[in-house]
Amino acid sequence: QHYYITNNLRLGKVPLMLRHAALCLYLLVQCTIAIEWDELVDRVQDHHDTIEFPGAENRDDWLWDDIFWRYPHMMRMECPDGYGWEGNYKDGHCEACQPGHYSASWGPTVRCVSCRPGTYQPSSQSHECISCPEWSPLSAVESESSHDCHKWPIGKEGDVEHGRQGDGRATVEAKVEVMGDWTFLNDMLEQISGYEAHEMSAHVMYDAERKCSMGTLTLVMAERAAFEAHMYVQDLKTMIHLVNDWIHTGHSYVNRIFSMLNVADSLYLIGLNMDPSNIHRQLKDLQVATIDSSLYFSCDGKQTNDDGSKVEILGAISIFACIEDEVAKGQDYSDLHSEYVSYGGESEACMTLGGKTRLAQKINLHWEVEGCKKDDACHMSLKRCDYDKETKESFVVVYVAKKYSDIDLDLFDDVKLFDDMNVEFDLIGKFKNCPGGPVSSSDTNEKDCPADKCDKKYQLVWSNGKCEDCPFGTYWKNDDEGCNPCDFELMSATYTYGSKYEACFTYPGAHSVILTDDDKDQKRVRLDRRPFNIPHENRHHQQVEIEAKLDVCYAVGQKREFKAFCAGKYDLQGLSFDDFTDFDLTKLSCLAQDRISDLYDANCKDRIYSWPAVDNFYWLDAACMVVKHILHTEEQLPDDDITKCDSVNEDVRVLTMPFLLPEFTYDVEWGSVILPLLEHTDTMTHGDYSTVTTAVRGMMKQFGVYETSHVTGLEMANHLRDLIIEVPENLKLSMVSWNMFNDLEDVFCDNGHVKKDCRSACAVSYNQCMQQSGDEHELTCFADECNECQVSYTFNGEAYECVTCDLWAEFDPSEHEFLSLISVDPDVEGKQIFHLECNAGKRTSLNNGAVDYGNCKDEEQTIVSCAANGGASKEWQCVEDKCVMLEDGPSNGYIKAVHAPKDRGCRFVEMACNPGYELKGDSIIYCDIEGNFGEIPTCEPVECEEYDSTIENGKLINHLVGEDISFYRCDVHNPSYNGDMDYFTAKTCGETIVCGKHEDEHCPPLIDNGYKVREWEGMVAVLSGLRVWNAEYGCNPGFELEDNPALQSIEEAGHGWSHCEEGQKPDVPRCVTIIQDEETCKMPQYIYNGNLVEEFTDDEGKVTHGKYECDAGFMMVETNMGDHGFCREMDYSYELPYCVEPKEWRGLEFELVGGGYKKMQNAGRVKARNTHSDGTAEDWYAGCDDHFNSPAAGSICRTLGFEYGKMIDAPRRMRPIPYLPFGITNFWCYYDDVLPMSPSCHTDDYGMVGYPICLPDEQIAVSCFDVWWKVDVEFHMKSKRKDKMFCPVEIEKEGIKMKTKKLGLSVKWGGLIKNKDTNEYEYTEFEEGTHYEGRRFSRKKGFRATFIGDKDYYDCFYCNIYLGEAWLNPESENNHSCE
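Report on the accompanying structure. (Residues numbered from 1 in each chain as written. Predicted model: local features only at pLDDT ≥ 70, side-chain atom pairs only at ≥ 80, totals over all residues. Heavy atoms only, no water.)

What the rule picks out here adds up to 20 disulfides. One disulfide in the model links Cys758 with Cys789; its S-S distance is 2.0 Å. The chirality of the disulfide connecting Cys758 with Cys789 is left-handed, given an S-S dihedral of about -85 degrees. Of this pair, Cys758 sits in the loop between helix H19 (744–747) and strand S31 (780–784) while Cys789 sits in the loop between S31 and strand S32 (790–795), placing them 31 residues apart in sequence. For the pair formed by Cys758 and Cys789, the shared burial category is buried. Between Cys1229 and Cys1241 runs a disulfide, and the two sulfur atoms are separated by 2.0 Å. Between Cys1229 and Cys1241 the sulfur-sulfur dihedral comes to about 110 degrees; the bridge is accordingly right-handed. With Cys1229 in strand S65 (residues 1222–1229) and Cys1241 in strand S66 (residues 1241–1245), the pair connects residues that are 12 residues apart, well separated along the chain. The pair Cys1229 / Cys1241 is uniform in exposure class, with both members buried. (Disulfide = S-S within 2.5 Å. Helix = DSSP H or I, 4+ residues; strand = E, 2+ residues; numbered from the N terminus. Buried < 20%, exposed > 50% of the residue type's maximum accessible area, 1.4 Å probe, protein only.)

Okay, here's the thing in structure tokens:
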């Protein structure tokens, strides 16, 4: 239905956001008035076809011109990788990103952005940050070294309990400062704050002097969840520049979007006259000023959480741990948590979530009780707030806690408590020993309380006085009668009903950190990069049920106001759905409102319907329900007076809408966030949802769109606005419930451990068995799902003892930071490899301290393998690091990077010069074992011996710091311009660069009987220094390429290439006549390390393909036909598999990134990686599109399972894949029926000397498809008032459905009569005017006509499609109505 309406309203080219907005406008009318939409839209389309649009016939087209959308950020200079733009769109420059920063290109402007928490970057000019190692995952924003990465748990060195003595929860406080007054959100935030989950609190404060608002959100969550939320805010903190860039870009685009909507043919009938002036006034100063957060661990009564306990190792990240309260030492805490005071009164404070929030704030911040103030180390909080609808009274319980002495509850006898409406509460009772507090107003003293402890396995939370489950990340410990953190606290979580230490399980993620022995020394860890998660069927399964009630009185009132509006504009009695003269959307809406009863009778009256289910939501049923209640309410209005609508029977005026949400599943680690939200869903019935209306209304005013009629130019828009935004104001939730479907026996084993998914455990590297010397047994591996997937091995049914690695015994924590297991030797099964890293002030050393400074840049991390006897394979140690890193670079230069990793022995710094200077001397200075550095280079001004390079029809983008080359780009309007990222490099001195299209006679020239496929400017000739051009050629039919002998000896030259040096005779190929060979194909008997098994022929006996096999010990590199080779009849060439040794076998694996929308379903940027015979794969990389061609694109697509493929210019929204290095270049193939590993395909490793560098936008992009060319034609006839014939046409080329309206197609209609003797059809081709009347082409229904002949004379009808005289659908099966 969406697709049908969209096409008939000609919204095909409107951007996605605008298309949804316009579509929703029409759907709202449909759903509200229950109109017979199919017939109405058909009539609107008929009227649309008769309209002569002013101006050009296709005014939409220019709106999609690239130049129209090129303002503002695309008019500035692009910065190369490692540089960021400083300044605004009109004035600025590129600057190198400093250490601790990287260039972020995903925003509208390339900026230097701070490295986010958990990453670091020691170098300048970087386009990415380096992730901290898994065993030291924490770092602050803008970290510059791996030394800034730290471990869990937080706290003092060696004090593993520091910061982990609380109740397993933590408080995260996030703050965002935005320009403008946003206090209109506070009413809604009060409602949210009253929801009990996570003790949420949110509010906005406005600073009138600075004209900005500070929004604060506070959540109390399980430690892991709070930490993740905190780190997410810290991530956002690094992106403020980019967020504001997007805001400013959107502000600048408002005029263009509104201009497009006002003049587009697609929206002409709506009558838009949009005015963006209000939006500009409201948004001109909008920006995000600051974002930050703090994290506090929840402490118990014996601890404090003041600012002095801030964890300094995290730098800018604010985390405050619990420390023992010195003042509280020796105090008796037996009665600390059991003091409560209860009140009751005729107050509505507890009726809504917002009232509860206001009462809680008053008690906590403003209620004065002598002897229990903050200075007395005492705090009070609202523990319970219940409302009785029948008595209209609120029951309130106040929790009182004091650290250093008992509280005299008699203090509350003379203290009055009032709600925010100044209604007084009466004191009910005081409770000294009542854990968790009283539960009802009938509890008046301590005798009515439960036992003096919370229920078993519940802890009493000191901060709020509630008895609560152990939060995620903790477990119930009987000895302490409290909740204790799981080991490695934030690296673990538990089910909320976990009651044993075994209920703790490793926190899922990209890795696991696992303790190695009972002393729980965190420095001795091992890594498992394939962690064992909870089995999918054991994860949390939830379902939520909601019943909402909507009072339609407001809609009746809106209907009447709209009726009065329409009566003053139109003579509704004279309007009809059959007449669209002077059509506009307002007139249609008025007509629908006036005829709503007729429309209801036509569409709903005789139907059986109810409120539709969520998983099969039928809009017509919902529309009928709404309209029925509106009409019946209006009929029963006393005295037809809208002010008496509340007296109408509730069953009539209130629409009940049940929603049973489909069952949903999430991973267990999300339980700490989601379960607390679900546990309190019943309190949503106390929500005042009118605050949502207030917030939406305020938001619309904030963005300048509240005066909707003014913004859109549609007079009826304000009525539509009020109808929509007042829905929440008249909505109530009468019931909200949830169910959890987990069974404990599905989650826990008999031993209390959590079950694990161990299917991959035996494949993990460190679990491989290293067999005893001389053994070569076929062992059987078993992984125990009830014991953390620990593996054991058997041989012939008996346990087998593997060689255990004893390196842990040699590990000395005083010298070494850590020793971690990272991999397994691929040549020796079970042989483990360890990663060594030294403590601060130390450096690793092998071979008695010798360091190979000549190979320092290629130095690998220090690793030690486990020998067959279980000991170390080589000696390793940590020695004193005497190098003090330099702080200052050369004059007119700087230190680009400092290299002092803890897992390597080399120490050196890298120098670079400022723009305009060049480095004299070595850029890398090494530090020897005694701490001495080499000679520091100098930076001298760059002076061109000849002349500064110039560019015609282009511009200088930036000088590359420290190099003698610069970045250039052709002008936007130049024919050579290929996009914003199409910049290139040239020498800073002595270059003359010309942007523009070369003439045909330029070098290299055209050739006889052939053509140029493409051309490019080559590298400057090494000896002559002259400019060089290259080209690739193709031949006309009947000719084939013959390479120039001068190029045949050059390995880099491709087939059909030319070489042309300025002022020299060009070396070009030639096209020669193909000499036809009379012989047919015959498959070769032998291939490389293999032979022919069987040959296959076609029906004429010609050989087509053959099956091959490899010699023993070799692996096959297959063709597109697998282990078959084939012969090409066009040139009798062969495509054959070949065989290599397993260690030499290599494959290519591809993925498409960035497509998946509109016409790009199977298109995208390409990332690739090499695969090997043992199933392993290398890192992903990108391919540079230099010399890339469509046959190569086809080879990629065939690898991905498609039939065909082609190279494409990536559209703007298909941005380059970030952080992906280039790996190959010059990828091309001769034939379009091969795979990438074919001998007829060619690639070069990226970075080889002599090849140009590639920019991110040069990443290969392809489009894959299975259909090269297809024409589908259907015939339909619709008979109501007239016999309408439809002939929709769908043409697909290269996987893309073409727009058929402007292809110059024509249709021929006809009728068919079945001959009863021959049982065949005889056809009659119709003539226009005699048999039918033509109608205009429709985007949805294709060719259209009205049949005016005798319909009963024919058995069935048909249509055929032509392009000129060519019949396009000779094989169609659906172009007729015959059975």
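Structure shown, so let's carry the discussion forward.
Turning our eyes to something else, we now look at the sheet that holds strand S42 (residues 924–926). Taken in spatial order, the three strands make up an open sheet running S39-S40-S42, and their pairing is antiparallel. Only two strands of the sheet have a single partner each, and these edge strands are strand S39 (893–899) and S42. Here the strands of the sheet are splayed against their neighbours by 25 degrees on average, with no regard to which way each runs. Across three bridges, strand S40 (residues 908–913) lies against S42 in antiparallel orientation. Of the residues in S42, the one forming a bridge with Phe908 is Tyr926. (Pairing = 2+ DSSP bridges. Axes fitted to C-alpha atoms, helices over the stretch in contact; angles between N-to-C directions.)

What follows is about the pairing of strand S27 (residues 540–551). With three bridges joining them, S27 and strand S29 (residues 664–666) adopt antiparallel strand pairing. Within the sheet, the bridge partner assigned to His540 lies in S29 and is Tyr666. Direction of pairing for S27 relative to strand S30 (residues 731–740): antiparallel, over a ladder of nine bridges. Bridge pairing in S30 places Glu545 opposite Ser737.

What follows covers the packing of helix H10 (residues 553–567) against helix H11 (residues 585–594). Packing of H10 against H11 brings their axes to within 10 Å, and their N-to-C directions diverge by 125 degrees. Looking at the two axes, H10 sits oblique to H11. Two packed elements cross with a definite hand, and for H10 against H11 that hand is left-handed. On H11, the residues that touch Lys559, Phe562, Lys563, Phe565 and Cys566 of H10 are Thr586, Ser589, Cys590 and Gln593. Its residues placed into classes, the contact of H10 with H11 shows four nonpolar, three polar and two charged. (Parallel < 35°, antiparallel > 145°, perpendicular 65-115°, else oblique. Left-handed = near helix turned anticlockwise from the far one by under 90°. Contact = heavy atoms within 4.5 Å. Nonpolar A, V, L, I, M, F, W, Y, C, P; charged D, E, K, R; others polar.)

Across all of its chains, the model carries 41 salt bridges by this definition. For Glu918, the salt bridge goes to Lys920, with nearest N and O atoms at 3.6 Å. For Glu918, a relative accessible area of 27% gives the class partly exposed. Between Asp1233 and Arg1128 there is a salt bridge, and its shortest N-O distance comes to 2.9 Å. Here Arg1128 lies in strand S58 (residues 1124–1128) and Asp1233 lies in the loop between S65 and S66, a separation of 105 residues in the sequence. The buried category is assigned to Arg1128, whose relative accessible area is 4%. Through salt bridges that share partners, Lys559, Arg560, Glu634 and Asp640 make up one connected network. (Salt bridge = Lys/Arg side-chain N within 4 Å of Asp/Glu carboxyl O.)

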